[in-house]
Amino acid sequence: MIRTATATLLASLPVLANISENAPEQPTPPAPPSEVVSTPEPAPQPEPTPAPQPEPAPAPQPEPAPAPQPEPAAQPSNTMAAAYRGIVKIEVATRKPDFATPWQTGRYGRGNGTGFMVGPGTFMTNAHVVADAERIHISPYADARKIPARVRYVAHDADLAILEVEDTSAFADVPCLQFSDTLPRLEDEVRAIGYPIGGNRLSVTRGIVSRIDTTTYAHPRNESHLTLQVDAAINPGNSGGPVLMGDKVIGVAFQGLLEANSTGYVIPMPVIKRFLKDIEDGTYDQYVDLAVTFMPLINPAMRRHYSLPDNAMGALVADVVKGGCSDGVLQAGDVVLSVNDRAVDSSAMIEMDGERVQLEELAERAFKNEVLRFRILREGKEQEVEVRLAPLTSHRIMGQKYDSMPRYIHFGGLVFQPLNLNVISAHSLNSADFTVELDNYLRRGGSVEKEDIVVVTKVLRDEVNARFENYGRRIVTKVNGEKVKGLVHLYALLYPQDGNRPPYTVIEFAGGSRPLVIDNAVIDSANERISAGYGVPAPANLN
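Since we're looking at a predicted model, the values are computed, not measured. (Residues numbered from 1 in each chain as written. Predicted model: local features only at pLDDT ≥ 70, side-chain atom pairs only at ≥ 80, totals over all residues. Heavy atoms only, no water.)

Visitor: Please explain the sheet that holds strand β3 (residues 122-125) as it appears in this structure.
Guide: Two strands in a sheet stick together by hydrogen bonds in their backbones, pointing the same way (parallel) or opposite ways (antiparallel). The strand order around the closed barrel built from six strands is β1-β2-β3-β6-β5-β4, with neighbouring strands paired in antiparallel fashion. Going from strand to strand, the sheet's axes swing by 40 degrees on average, the running direction of each strand aside. Of the strand pairs in this sheet, strand β4 (residues 133-139) and strand β5 (residues 147-155) are connected by three bridges, and their pairing is antiparallel. For I138, the partnering residue across the bridge sits in β5 and is I147. (Pairing = 2+ DSSP bridges. Helix = DSSP H or I, 4+ residues; strand = E, 2+ residues; numbered from the N terminus. Axes fitted to C-alpha atoms, helices over the stretch in contact; angles between N-to-C directions.)

What follows is the structure in structure tokens.
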């Protein structure tokens, strides 16, 4: 608007200059010539009065463009101001397990975040705020009290948790924040509220919804769910705080993007509602998984190959996880036309809540034993199939573990651990070294045959394991000729209940490595000696 007003003013200046020029003065006429004396003198003539000149009309002045006025900041209503008192600061004392030395107690630390009241004495926050917590205290808004709290429910795969307090007196007259029933739209204005680093008072930042998409959740590492991207600042300490549109909660702040400024992420209402519905029976059952990989069908030749019209509809089933809930129902090469009567486009997306989302979002919002109806094209013929949903346990080995001590077995200085993301990180393992075994376990039915992939992560040096140093970081496949099905099974093979061991324990590894042989005649004394020397309190933790 300022540029337009300036252009108008500049264009009018030459016009004003032309109109403002003055008219020229008129000359006085000369007096008539004199005559003889007898002639009477002429009566004095009045000096001619100059003809009145019309005053130029004032040039029209353009109306100045009104200066832009800042919009007054929206003030919370009395009800909202009261509800702000239910937004609490959460302080946590933590004990992080040590997966590198799994028998030790772990590392102690502290952290803080935000939560908000969703029921009498009940507060919602992020799971990562209270993960591995030893003690939790919450402080009401503008209140110095630190009220003890405990975790009632936690969903690490959705990064949500419910806390409860016994002393509810500080919140006796505080109203709960209300959840929205719908997703916001792009460019809707929202505000994030919490206790970020840099102060102890409540902070409010504003922004707009800039994207609605499926994003990886940083806390579990291996889960992707629906996410709102906003340009309101979400800083450390904001985690777990409400994000409001108007007077309704539209999500929970939970992570940011380090590579970009003013980019924050919010857990939206579909994820929150699913969590709250799941815990209605008193337990959290985690997400179900279709266990299917879909592929876009955009290439014209591919569409002709699968007898599809050029209408940008239909997506290809590229892979089905063996042992998953879709195994035996969907097949690689099927073309999915619709799911629960929602048309599937060629990018494997459907419409929900007025937004285009991946078709897996239907499973995201469903629960164990619910059924999805697929209309598919198989070998040129349309048919309908049903998938009964269930969790996919195999992929959880690639997720981060919380709230439990590491599992391990110690035998003759060899430390055995189940392969998971914590173990990979703690021992700096290269997951590429286990590509074949992981692919078999995760996608080819390996998880049906065994509970864990067991790895030798460390060798505690002793005479009983002399020259065994190179056997670390290897996957165990057999003990005394018997296939190892998991850590519990391995313990039973190494420490039989009846105490009867063969003369030697022979351990075989993936990849055709030479077997490792331990003399059982000296193993008990060696276990005691090594445990005392390295401070290993027990031969195993299997829980």
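Visitor: Could you clarify how one ought to interpret the pairing of strand β16 (residues 335-339) in this entry?
Guide: When a strand is regular, its side chains alternate between the sheet's two faces. Within β16, five of the five residues are buried, which leaves it mostly tucked inside the rest of the structure. Pairing geometry for strand β15 (residues 315-320) and β16, over two bridges, is antiparallel. Looking at β16, one finds that L316 is bridged to V335. Summarising the sheet, β16 and strand β20 (residues 371-378) pair through four bridges and their orientation is antiparallel. When the sheet's bridge partners are listed, V335 is paired in β20 with L377. Here β16 folds back onto strand β17 (residues 342-343) in antiparallel fashion, the turn holding two residues, of which N340 has a positive phi close to 50 degrees. (Buried < 20%, exposed > 50% of the residue type's maximum accessible area, 1.4 Å probe, protein only.)

Visitor: Where do I start with the nonpolar core in this structure?
Guide: A general feature of soluble globular proteins is that nonpolar side chains tend to end up buried together. L290, F294, F374 and L389 are the most contacted members of the largest nonpolar core, which totals 41 residues. If you look at the next biggest cluster of nonpolar residues, it comprises 30 residues, including I409, V456, I518 and I523. (Core = buried A, V, L, I, M, F, W, Y, C linked by side-chain atoms within 4.5 Å.)

Visitor: Help me out: how do you make sense of the packing of aromatic side chains in this one?
Guide: Counted by the stated rule, this structure contains seven aromatic pairs. Seen in terms of ring centroids, F275 and Y284 are 5.7 Å apart; in terms of plane orientation they differ by 65 degrees. Their pairing is edge-to-face. Per residue, the accessibility class of F275 equals that of Y284, and both read buried. Residues Y491 and Y495 carry aromatic rings whose centres are separated by 5.0 Å and whose planes lie at 25 degrees to one another, so their mutual orientation is stacked. Here the basic side chain of R274 rests over the ring of Y287, its NZ or CZ set 4.3 Å away from the ring centre. (Phe/Tyr/Trp six-rings, centres within 6.5 Å; stacked < 30°, edge-to-face > 60°. Lys NZ or Arg CZ within 6 Å of the ring centre and 35° of its normal.)

Visitor: For this particular structure, what's the right way to read the pattern of salt bridges?
Guide: In a structure, side chains of opposite charge can pair up when their charged atoms sit close to one another. Under the definition given, this model contains 23 salt bridges. Residues R145 and D143 are paired through a salt bridge, measuring 2.6 Å at the closest nitrogen-oxygen approach. Exposure remark for R145: the relative accessible area of 39% places this residue in the partly exposed category. Since its relative accessible area comes to 26%, D143 is described here as partly exposed. Taking the shortest distance from any N to any O, the salt bridge between E361 and R365 comes out at 3.0 Å. In this structure E361 comes out as buried when scored by relative accessible area, which is 4%. Its relative accessible area of 23% is what places R365 among the partly exposed residues. (Salt bridge = Lys/Arg side-chain N within 4 Å of Asp/Glu carboxyl O.)

Visitor: Looking at this structure, I do not really get helix α11 (residues 523-534). What am I missing?
Guide: Residues separated by three or four positions in an α-helix point in the same direction, a consequence of the helix having 3.6 residues per turn. The terminal C-alpha atoms of α11, which comprises 12 residues, lie 16 Å apart, in line with the 16 Å expected from a rise of 1.5 Å per residue. Summarising the contacts, the buried residues of α11 are in contact with β22 (408-411) and β28 (516-519). With its phi angle positive at about 70 degrees, G535 sits one or two positions after the end of α11. (Expected span 1.5 Å × (residues − 1). Contact = heavy atoms within 4.5 Å.)

Visitor: Can you help me understand the confidence of the model for the chain in this one?
Guide: Atom-level detail of predicted coordinates should not be read off regions where pLDDT is low. When pLDDT is averaged across the chain, the result is 85; 85% of the residues are at 70 or more. Low pLDDT, under 50, characterises residues 1-60; the stretch is placed with 12 contacts to residues that sit more than four places away or in other chains. Across residues 70-74 the pLDDT falls below 50, and counting only partners more than four positions away or on other chains, this stretch makes one contact in the model. (pLDDT = per-residue confidence, 0-100.)

Visitor: Help me understand the environment of L226, please; the structure alone is not making it clear to me.
Guide: Of note, L226 is situated in strand β10 (residues 223-230). Separated by 14 residues in sequence, L226 and I212 have C-alpha atoms that sit 7.3 Å apart. With residues up to four places along the chain from it excluded, the contact list for L226 reads L183, I212, D213, T214, Y217, P268, P270, V271, V357, E361, E364 and R365.

Visitor: Before we go on, may I ask you to explain the side chain of H410 in this structure?
Guide: Take H410: it is sitting in strand β22. The buried category is assigned to H410, whose relative accessible area is 2%. Looking at H410, its side chain comes within polar contact range of the main-chain nitrogen of G413, at 3.1 Å. Not counting the four nearest positions on each side in its chain, H410 is found in contact with L460, Y495, N527, I530, S531, V536 and P539. (Polar contact = N/O pair within 3.5 Å; in protein donor to acceptor, adjacent residues only side chain to side chain.)

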